[in-house]
Amino acid sequence: MRLDLWAWSVRLYKTRTLAAAACKKSQLLVNGQRCRASRQVRVGDEIRVRQGMLERILEVKGVLRRRISAKEVEAFLIDHTPAEEY
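A brief look at the structure comes next. (Residues numbered from 1 in each chain as written. Predicted model: local features only at pLDDT ≥ 70, side-chain atom pairs only at ≥ 80, totals over all residues. Heavy atoms only, no water.)

Its identity is not glycine, yet Arg11 carries a phi of approximately 65°, on the positive side. Note on placement: Arg11 falls in the loop between helix 1 (3-9) and helix 2 (16-24). For Arg11, a relative accessible area of 40% translates into the label partly exposed. Unlike most non-glycine residues, Ser26 shows phi in positive territory, near 65°. Residue position: Ser26 is located in the loop between helix 2 and strand 1 (28-30). Since its relative accessible area comes to 15%, Ser26 is described here as buried. (Helix = DSSP H or I, 4+ residues; strand = E, 2+ residues; numbered from the N terminus. Buried < 20%, exposed > 50% of the residue type's maximum accessible area, 1.4 Å probe, protein only.)

In structure tokens form, the structure reads like this:
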């Protein structure tokens, strides 16, 4: 699954275009490396998301084919962000 599609599907961004733009600006890093929006995401990958002053560390728990509801997000990612970051 593409990185921009995954980020949009788990509701990190409101639109897929915003997710692709975040990749271009290096706000989305996969395993600590810059990547393009077309990068394939696999289970176990570490995604670092920079949203303003907050940098979230997420682990891909599952790959999905469509956008999901906010209640189902926890089934597809693990949040490793330290509590003091929030």
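Glancing now at the pattern of salt bridges. Here the structure, examined in full by the defined rule, presents 5 salt bridges. One salt bridge connects Arg2 with Asp4, and the closest N-O pair in it is separated by 3.1 Å. We note a salt bridge from Asp79 to Arg56, for which the minimum N-O separation is 3.7 Å. Highlighted residues: Asp79 in strand 4 (residues 77-79) and Arg56 in strand 3 (residues 54-60), separated in sequence by 23 residues. Judged by its relative accessible area of 34%, Asp79 falls in the partly exposed class. (Salt bridge = Lys/Arg side-chain N within 4 Å of Asp/Glu carboxyl O.)

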